Amino acid sequence: MSASHIVVNGVNKIFKTGEREVVALKDINLDIPRGQFVCLLGPSGCGKSTLLNAIAGFSPPTSGSISADGNVVTGPGPDRGMVFQEYALFPWMTVEQNIAFGLEIKGMDAAQIRPVVAALLEKLGLADFRSRFPKDLSGGMRQRVAIARILALDSPIMLMDEPFGALDALTRRNLQDELLRIWSETGKTVIFVTHSIEEAIYLADRIVVMTYRPGTVKRDMIVDLPRLRDPSSAEFNALKRELGHLVMEEQQRHHQSELMAAVD
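About the criteria used
Residues numbered from 1 in each chain as written. Predicted model: local features only at pLDDT ≥ 70, side-chain atom pairs only at ≥ 80, totals over all residues. Heavy atoms only, no water. Helix = DSSP H or I, 4+ residues; strand = E, 2+ residues; numbered from the N terminus. Rg over C-alpha atoms; globule rule 2.2 N^0.38 Å. Buried < 20%, exposed > 50% of the residue type's maximum accessible area, 1.4 Å probe, protein only. Contact = heavy atoms within 4.5 Å. Areas by Shrake-Rupley, 256 points an atom, 1.4 Å probe, with all protein chains shown as cover. Lys, Arg positive; Asp, Glu negative; His and termini not counted. Charge placed at Lys NZ, Arg CZ, Asp CG, Glu CD. Expected span 1.5 Å × (residues − 1). Salt bridge = Lys/Arg side-chain N within 4 Å of Asp/Glu carboxyl O. Pairing = 2+ DSSP bridges. Axes fitted to C-alpha atoms, helices over the stretch in contact; angles between N-to-C directions. Phe/Tyr/Trp six-rings, centres within 6.5 Å; stacked < 30°, edge-to-face > 60°. Disulfide = S-S within 2.5 Å.

(A) Broad picture of the overall build of the protein chain. Helices and strands together make up the secondary structure of the protein chain, namely seven helices and ten strands. For 264 residues, the compact-globule formula gives about 18 Å, and the C-alpha radius of gyration of the protein chain, at 19 Å, lands near that figure. In terms of overall dimensions, the protein chain has a C-alpha envelope of 60 × 45 × 40 Å along the principal axes. In the protein chain, which comprises 264 residues, the proportion classed as buried is 49%. Considering only contacts within the protein chain whose residues lie at least 6 apart along the sequence, 70% involve residues at least 24 apart. Entry remark: accessible area of the protein chain is about 12700 Å², with carbon and sulfur atoms responsible for 53%. Between the centroid of the 29 positive side chains of the protein chain and the centroid of its 32 negative side chains there is a distance of 1 Å.

Here it is, written out as structure tokens:
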């Protein structure tokens, strides 16, 4: 890992609904080196996805700034690829066409696109499914296509919003291992949103635990465990207990907030 790749400086995000204001993010500061795998962890409502969307350029902060590779983020850009939980594939396109789409938009010709797509089909185990449509694929295969599409663009930053949240446990672990292999081979910077403590420990170099609304940084910790990580090890479970305590505190604050709102 090297110098700063993403810098989040004093970011606040306020949503307005009628006359009511909701503070989603408050004074977020992060300095993420190039090549680091960071997980944003916390209960629903803590602003994980809001922060990720701000870094992606989809929803600018109300105040503060975000920069990627020294450039202020003012909107989406090819340097930041996004993978969503909902796959976000074009249903009328085949696997091959979905992967090639971004390259076509960039203006590459067919002769340049074909070898890139062919290599990704092989890398992600999709070669036998190149002519299938998303409706004919399992959730895990659709997510492989979504990841392949981002890799085709060769974005140095991968932003992932609970990409494996809807998958069964076995498929989820297989794709986690696939993602770690790709990350180790490419050296991309990854920011990965999850509410799973075990997933965060298994994947991340660094875990940023966020508080319930307003979302702030509760704990920013380096995961000092060798890879590949064994979820049954004493060290893994000690960290799982520590993180579990932090997240549960915020979950309880969430429930208390809901109870107070119900009373009002």
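(B) Expanded view of helix H4 (residues 139-153). Look at H4: 22 Å from first C-alpha to last across 15 residues, which is about the 21 Å you get at 1.5 Å a residue. The buried fraction of H4 is high, at 13 of 15 residues. Just past H4, the residue Asp154 takes up positive phi, approximately 60°.

(C) Region of the structure containing the pattern of salt bridges. The tally for this structure, following the rule as stated, stands at 17 salt bridges. Lys240 is the partner of Glu198 in a salt bridge, and the nearest nitrogen-oxygen pair spans 3.1 Å. Taken together, the positions of Glu198 in helix H6 (residues 197-203) and Lys240 in helix H7 (residues 234-263) put the pair 42 residues apart, joining distant regions of the chain. Among the residues examined, Glu198 registers a relative accessible area of 26% and is labelled partly exposed.

(D) The arrangement of the sheet that holds strand S9 (residues 206-210) in detail. If you trace the six strands from one edge of the open sheet to the other, you get S6-S7-S8-S3-S9-S10, paired in mixed fashion. Lying at the two open borders of the sheet, with one neighbouring strand each, are strand S6 (80-84) and strand S10 (217-222). Here the strands of the sheet are splayed against their neighbours by 15° on average, with no regard to which way each runs. Bridge analysis of S6 against strand S7 (residues 157-161) gives five bridges, and the strand direction is parallel. Among the inter-strand pairings, Gly81 is bridged to a residue of S7, identified as Met158.

(E) Here's a closer look at the packing of aromatic side chains. Within this structure, the stated rule accounts for six aromatic pairs. Aromatic pair Phe37 and Trp183: ring centres 5.6 Å apart, planes at 80°, arrangement edge-to-face. One end of the pair, Phe37, is in strand S3 (residues 37-41); the other, Trp183, is in helix H5 (residues 169-186), and 146 residues separate them in sequence. Of the two residues, Phe37 and Trp183, neither departs from the other in class, the shared state being buried.

(F) Focus on the state of the cysteines. Scanning the model with the defined rule gives zero disulfides in all. Cysteine Cys46 remains unbridged, with the sulfur of Cys39 as its closest cysteine sulfur at 12 Å. The exposure class assigned to Cys46 is buried, which follows from its relative accessible area of 0%.

(G) Spatial organisation of the pairing of S9. Most of S9 is tucked away, with five of its five residues classed as buried. Here S9 shows no split at all, with Arg206, Val208 and Met210 on one side and Ile207 and Val209 on the other all buried. Across four bridges, S3 lies against S9 in parallel orientation. Of the residues in S9, the one forming a bridge with Cys39 is Ile207. Bridge analysis of S9 against S10 gives five bridges, and the strand direction is antiparallel. What sits directly across from Val208, in S10, is Asp220. From the end of S9 to the start of S10, which pair antiparallel, there are six residues.

From the geometry alone we can't say anything about function, so treat these as descriptive.
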